[in-house]
Amino acid sequence: MELIDLRSDTVTQPTPAMREAMAKAQVGDDVYGEDPTINQLQDLAAELLGKEAGLLIPSGTMGNLAAILAHCNRGDEIILGDVAHTFLFEVGGIAALGGIHPHTVPNQPDGTIKLDHIRDAIRPEDSHYPITRLVTLENTHNRCGGASLSVEYTQAVADLARANDLILHLDGARIFNAAAALDVDVKELVEPVDSVTFCLSKALCAPVGSVLCGSKEFITRAHRMRKQLGGGMRQAGILAAAGIIALQEIVPRLGEDHTKARNLASGLSTVPGMTLDTDDPPSNMVYLTLGDEIPLDAREVAEKLEAHHVRVGVVTKRRFRLVTHYWIDDQAIQETIGAFEKVLGDCS
Ligand SMILES: *Cc1c(COP(=O)(O)O)cnc(C)c1O
């Protein structure tokens, strides 16, 4: 029986069309800017997002890092959410490698940061303070249940940033999921921001890669930063070929993953022994917490689910994350609900 892997949408294997395109890709030395497939992907990404230029980066982590380093000087401060991926899960790279001071403010459950919290975090001119340089937002917001930030909210933060001479960067690892969830053109969602990264290697099934987009001038600086971080690649058109298919063929179907997440949540909502954050998940993520009556912790429950060929993400001692994606079909959703019923039924 095949494993139903719901830990993340990063586990998505490339599609047969991707493998074929990868095998046939025309390649060149990208450090010389001579890989035609990479150039095509970067142009396509920039066009889709309505930005002047794009840059293929090995990972989302390096994309955010290269962007923030290209925007800021050492000792500058950036404002970001306290459960932002860049704050929690990027190994402190902005501080360790860039000397950038993170100033965290609370993320609301819907992934937003209150405008007042941003305003209050901006440092006044004073020689005691670091210089506030940039604000980052995250869309969809991973730790906030996969919530989407609206066009209006993003614009409001951009207006506040502009009024204070701040740059706005968007960690859009799953920006196409946000566009699908909100049913808006992704261009509108990223129009207010100065730079944006998105991942090809998550829900989009490509094996490797993220794209950073912004103005031509910014991308020139980010290009230098990517090289400094060791992210200059050679014949990586083999990877970009999968990225092109991701944008052309996988982006338009992301709404299906959201429907599957809703079906999963609706099925799980009737299973005793746990509580969902919401039975109407905003995108492709379902978060749930074990009830007090369950004597096992999340890791132990996860082990038992594995015996039923279901693998889930353990977030904390009592919490799980389940992410639907391309390779999770309706039958897998039903089997997952069945596995939870069996495992929690056996131990309550
Ligand atoms: C996954 C993720 C990243 C980093 O991407 P990697 O390619 O895993 O380095 C950044 N931001 C968010 C919101 C993510 O979910």
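The structure presented is a predicted model; accordingly, all values stated were derived computationally and were not measured.

Asker: I would appreciate a short explanation of the domain arrangement of the chain in the present structure.
Answerer: Buried accessible area, meaning the area lost when the parts come together, often serves as the stated size of an interface. Considered domain by domain, the chain is made up of domain 1 (4-9 + 253-347) and domain 2 (12-251). The gap between the C-alpha centroids of domain 1 and domain 2 is 29 Å. Each side of the interface is counted separately: domain 1 has 16 residues, and domain 2 has 24 residues. Here domain 1 meets domain 2 over a buried area of about 1,600 Å², counting both sides, of which 56% is carbon and sulfur. Per-residue buried area on domain 1 facing domain 2 is highest for Asp9, Leu254 and Trp327; these three make up 37% of the total on that side. There are one salt bridge connecting domain 1 and domain 2. Counting the contacts that link domain 1 with domain 2 gives 11 residue pairs in polar contact (both at pLDDT 80 or more). Elements that contribute at least two residues to the side of domain 1 that touches domain 2 include exactly helix H12 (254-268) and strand S10 (285-290).

Asker: How should I be thinking about the site of the ligand in this particular structure?
Answerer: Every one of the 13 residues lining the ligand counts as a neighbour, but Gly60, Thr61, Asp171, Arg174 and Lys202 are closest to it. Note that a nitrogen atom of the ligand is positioned 2.6 Å from one of the side-chain N or O atoms of Asp171. Burial of the ligand by the protein amounts to 86% of the accessible area it has alone, namely 380 Å². The dominant element in the shell around the ligand, judged by the number of residues it contributes, is helix H3 (residues 60-71), at three residues. The residue makeup of the shell around the ligand, split by class, is two nonpolar, six polar and five charged.

Procedures and definitions
For every chain, the first residue of the written sequence is number 1, and numbering continues from 1 along that sequence. The predicted nature of this model means local features are confined to residues of pLDDT at least 70 and side-chain atom pairs, given and counted, to a pLDDT of 80 or more, with totals for whole chains, interfaces and linings taken over all residues. No hydrogens and no water enter the side-chain calculation; it runs on all heavy atoms of the structure. These domain boundaries are the output of an automatic or database domain assignment. In what follows, a contact means two residues having at least one pair of non-hydrogen atoms within 4.5 Å. What gets called buried area is simply the loss in accessible area from a 1.4 Å probe that two parts show on being joined, summed for both. Basic side-chain nitrogens of Lys or Arg form a salt bridge, by our definition, when they fall within 4 Å of a carboxyl oxygen of Asp or Glu. We call two N or O atoms a polar contact when they sit within 3.5 Å, provided that within protein one can donate a hydrogen and the other can accept it, with sequence-adjacent residues counted only if both atoms are side-chain atoms. Strands here are runs of E lasting at least two residues and helices are runs of H or I lasting at least four, both read from the DSSP assignment and numbered beginning at the N terminus. Distances are taken per atom, and a residue is near a molecule or strand as soon as one of its heavy atoms is within 4 Å of it. Where accessible areas are quoted, they stem from the Shrake-Rupley method and a 1.4 Å probe; at the residue level, only the protein chains shown are allowed to cover. Ten residue types, Ala, Val, Leu, Ile, Met, Phe, Trp, Tyr, Cys and Pro, are classed as nonpolar, four, Asp, Glu, Lys and Arg, as charged, and the remainder, Gly among them, as polar.

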